[in-house]
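Listed below, chain by chain, are the residues.
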Amino acid sequence: MPVMPLACGLILFAFSGCNSDSNPNTSGSIFGNGACPSTATVAPPAAMAPGTPPTGLSLRLTQINTGFTLSFPLFLTAPPGDIARLFVVEKGGTIQIVDRASNTRVPGPFLDISNLVTNQSLPTSGEQGLLGLAFDPQYATSHRFYVSYTDVNGNSVIARYLVNSPASNVAIPTADRIILTLAQPFENHNGGMIAFGPDGYLYIGFGDGGGGGDPGNHAQNLNDLLGKLLRIDVSGGSPGAAYAVPSDNPCVGQSGAKPEIWSVGLRNPWRWSFDRGKGDIYIADVGQNTTEEANVSSTASGRGRGANFGWNITEGSNCYPPGSNCSKNGLTLPNVEYVHSAGACSITGGYVYRGTAVLALQGTYFYADYCAGFVRSFRMAGGVVTEHADWAALRPGGNIVSFGEDTAGELYILTAGGGLYRIDSN
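These lines cover the structure that appears in this document, whether it is placed above or below.

**Observations concerning the nonpolar core**
Here is step 1 of the chain: Ranked by size, the top nonpolar core spans 53 residues in total, and within it Phe110, Phe145, Val147 and Phe366 carry the most contacts.
Here is step 2 of the chain: Beyond its immediate sequence surroundings of up to four residues, phenylalanine 110 is in contact with Phe87, Ile95, Ile97, Tyr139, Phe145, Val163, Ser168, Asn169, Val170 and Ala171.
Here is step 3 of the chain: With 34 residues, the next largest nonpolar core counts Leu131, Val385, Val401 and Tyr412 among its residues.

Below is the structure:
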């Protein structure tokens with residue numbers, strides 16, 4: 001198992017920060033004061049400390065990769081309707097396929113773009129690499145899938161690839177199209193998660209560009225894609241265009257604002273997800289020096305449309321830097337937050353369980369901490385966090401870098417040391 005350095009700035013995907021840079025945005029939210037239409041509302045107070053799991057509900061982890069190794073797996077997903085295969089993203093630039101029935105790795109890899117990806121000399125350190133994967137909702141007919149990675153120059157890249165057949169275990173090795181390229185000022189806070197929403201549009205999460213305290217003030221700058229959740233239409237557009245911008249994006253037609261923007265004020269939304277049952281979006285945003293947070297935006301309230309999640313005006317629900325006098329008007333504060341105590345350092349977002357193997361878990365959202373290694377869960381009921389629990393039985397040991405979800409809605413946990421585990425009933 002690779003050992004991760006814990007020095008400031010080197011914690012994978014965390015960069016909890018060692019700086020307390022001054023914050024020029026102490027007067028309030030740029031996004032929430034009329035620059036773009038905004039449906040942002042202040043969330044209820046963060047939930048109380050997690051308790052014990054519900055009585056009578058016992059879970060365990062089943063290790064999937066007992067017969068094969070994985071090299072720093074960062075993500076797991078599957079094409080729509082594909083119940084036979086799991087697709088695992090490896091940080092160094094490869095995607096492997098795991099057969100669900102036999103828990104064996106399919107000869108491959110499915111895709112190898114290691115020659116395009118940064119960090120090849122140190123594939124187990126840093127925050128760059130192959131970071132995300134999303135299959136087209138019409139994968140069966142379009143044969144398209146999308147990847148998110150940092151290239152050899154450190155830029156974030158969203159690219160489209162193809163397969164000859166949806167049943168193919170090996171993709172066409174060269175990109176069909178580069179969708180978007182974004183320069184990164186630092187090596188950390190790349191974000192990298194991509195996913196298709198219930199509306200069929202591709203959502204892209206980018207961090208604030210790195211450094212301590214967002215020194216470039218990217219997250220609150222509407223003319224900048226860093227520190228944002230983006231929403232684009234990759235199904236069509238004008239001839240020659242890689243994508244179109246949906247007309248109901250909140251900044252469309254606004255001078256000095258990028259129309260791709262869906263939400264702002266994010267520090268490093270490393271892992272976020274859609275609840276496949278209700279369509280709500282759950283964003284886990286990695287904190288700076290003190291606080292990790294999870295934000296839930298319901299479909300009824302616009303699924304985060306026009307929301308400002310606060311960074312770098314706030315870290316969690318508190319003003320940033322600590323002790324500063326900020327206005328929280330128009331900000332969407334976290335539903336759940338926790339401080340850096342007992343070794344915690346960086347939140348890893350998961351999914352709302354919608355599988356059938358453990359029916360009592362339906363509607364439960366799971367998240368973890370990269371350093372502390374805990375796995376916790378909560379439910380949303382009427383916009384309020386309930387049943388916040390800590391699952392000692394679901395701690396795999398090692399650094400939890402991601403959750404995954406298969407087509408059946410079952411959930412998985414991935415660790416930096418190469419572990420791949422499924423959450424099962426005990």
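Read on for the rest.
**Digging into the packing of aromatic side chains**
Here is step 1 of the chain: Inspection of the entire model under this criterion finds 20 aromatic pairs.
Here is step 2 of the chain: Summarising the aromatic geometry, the rings of tyrosine 338 and phenylalanine 374 are spaced 5.3 Å apart at their centres and angled 70° between planes, so their arrangement reads as edge-to-face. One end of the pair, tyrosine 338, is in strand β20 (residues 336-339); the other, phenylalanine 374, is in the loop between β22 (365-369) and β23 (375-381), with 36 residues separating them in the sequence.
Here is step 3 of the chain: Note on tyrosine 338: relative accessible area 9%, which makes it buried.
Here is step 4 of the chain: The exposure class of phenylalanine 374 is buried, given its relative accessible area of 5%.
Here is step 5 of the chain: By the ring-pair criterion, three or more aromatic residues cluster together here, those being Phe87, Phe110, Phe135, Tyr139, Phe145 and Tyr161.
Here is step 6 of the chain: Looking at arginine 267, its charged tip hangs above the ring of tryptophan 311, at a distance of 5.7 Å from the centre.
Here is step 7 of the chain: In this structure, arginine 376 packs its charged tip against the face of phenylalanine 374, placed 3.7 Å from the ring centre.

**Focus: the layout of surface pockets**
Empty space left among the atoms is revealed by rolling a probe the size of a water molecule over them.
Here is step 1 of the chain: Taken as a whole, the largest pocket encloses approximately 590 Å³ of empty space.
Here is step 2 of the chain: Around the largest pocket sit 26 residues that line it, and Thr77, Ala195, Phe196, Arg276 and Glu405 are the ones nearest its centre.
Here is step 3 of the chain: Contributions of two or more residues to the lining of the largest pocket are made by β2 (73-77), β7 (130-135), β11 (194-196) and β15 (271-274).
Here is step 4 of the chain: Looking at the lining of the largest pocket residue by residue, the class counts come to 16 nonpolar, 6 polar and 4 charged.

**Concerning the pairing of strand β9 (residues 156-162)**
Here is step 1 of the chain: Counted residue by residue, β9 has 6 buried out of 7 residues, so it is predominantly covered.
Here is step 2 of the chain: In terms of strand pairing, strand β8 (residues 144-150) meets β9 through 7 bridges, oriented antiparallel. Across the sheet, threonine 150 pairs through a bridge with serine 156, a residue of β9.

**Brief notes about the sheet that holds strand β21 (residues 347-352)**
Here is step 1 of the chain: On the basis of which strands lie adjacent, the open sheet formed by 4 strands has the order β21-β22-β23-β24 and antiparallel pairing. The outermost strands of the open sheet, each flanked by one partner alone, are β21 and β24 (384-390). Direction aside, neighbouring strands of the sheet carry axes that sit 25° apart on average.

**Quick word on unusual backbone geometry**
Across the chain, the bulk of peptide bonds are trans and the bulk of non-glycine residues have phi less than zero.
Here is step 1 of the chain: Cis geometry is adopted by the peptide bond preceding proline 109, which originates at glycine 108 and carries an omega value of 10°.
Here is step 2 of the chain: Here proline 109 is to be found in the loop between β5 (104-105) and β6 (111-112).
Here is step 3 of the chain: Cis peptide bonds are those with omega within 30 degrees of zero, and the linkage from tyrosine 320 to proline 321 qualifies with -5°.
Here is step 4 of the chain: Position of proline 321 relative to the elements: it lies in the loop between β19 (318-319) and β20.
Here is step 5 of the chain: At glutamate 387, a residue that is not glycine, the phi angle is positive and equals roughly 50°.

**Some remarks on the state of the cysteines**
Here is step 1 of the chain: Summed over all chains, the structure comprises 2 disulfides.
Here is step 2 of the chain: Between the sulfur atoms of cysteine 319 and its disulfide partner cysteine 326 the distance amounts to 2.0 Å. Here cysteine 319 and cysteine 326 share a disulfide; its torsion about the S-S bond, -80°, makes the bridge left-handed. Grouping residues by exposure puts cysteine 319 and cysteine 326 together as buried.
Here is step 3 of the chain: Cysteine 345 shares a disulfide with cysteine 371; S-S distance 2.0 Å. On the sign convention where negative is left-handed, the bridge of cysteine 345 and cysteine 371, at about 80° about the S-S bond, is right-handed.

**Side note on the pattern of salt bridges**
Pairing is possible between side chains of opposite charge, provided their charged atoms come close.
Here is step 1 of the chain: Across all of its chains, the model carries 12 salt bridges by this definition.
Here is step 2 of the chain: In this structure, the salt-bridge partner of arginine 231 is aspartate 199, at a minimum N-O distance of 3.0 Å. Here arginine 231 is found in strand β13 (residues 229-232), whereas its partner aspartate 199 is found in the loop between β11 and β12 (202-205), with 32 residues between them in sequence.
Here is step 3 of the chain: A relative accessible area of 3% places arginine 231 in the buried class.
Here is step 4 of the chain: Residue classification places aspartate 199 among the partly exposed positions, given a relative accessible area of 29%.
Here is step 5 of the chain: Aspartate 275 serves as the salt-bridge partner of arginine 354, at 2.8 Å between the closest nitrogen and oxygen.

Criteria and thresholds
Residues numbered from 1 in each chain as written. Predicted model: local features only at pLDDT ≥ 70, side-chain atom pairs only at ≥ 80, totals over all residues. Heavy atoms only, no water. Core = buried A, V, L, I, M, F, W, Y, C linked by side-chain atoms within 4.5 Å. Buried < 20%, exposed > 50% of the residue type's maximum accessible area, 1.4 Å probe, protein only. Contact = heavy atoms within 4.5 Å. Phe/Tyr/Trp six-rings, centres within 6.5 Å; stacked < 30°, edge-to-face > 60°. Helix = DSSP H or I, 4+ residues; strand = E, 2+ residues; numbered from the N terminus. Lys NZ or Arg CZ within 6 Å of the ring centre and 35° of its normal. 1 Å grid on protein atoms, 1.4 Å probe; cavity = no way out; pocket = protein on both sides within 12 Å on 5 of 7 lines; lining within 4 Å. Points joined across faces, edges and corners; volume = space filled by probe spheres on them. Nonpolar A, V, L, I, M, F, W, Y, C, P; charged D, E, K, R; others polar. Pairing = 2+ DSSP bridges. Axes fitted to C-alpha atoms, helices over the stretch in contact; angles between N-to-C directions. Disulfide = S-S within 2.5 Å. Salt bridge = Lys/Arg side-chain N within 4 Å of Asp/Glu carboxyl O.

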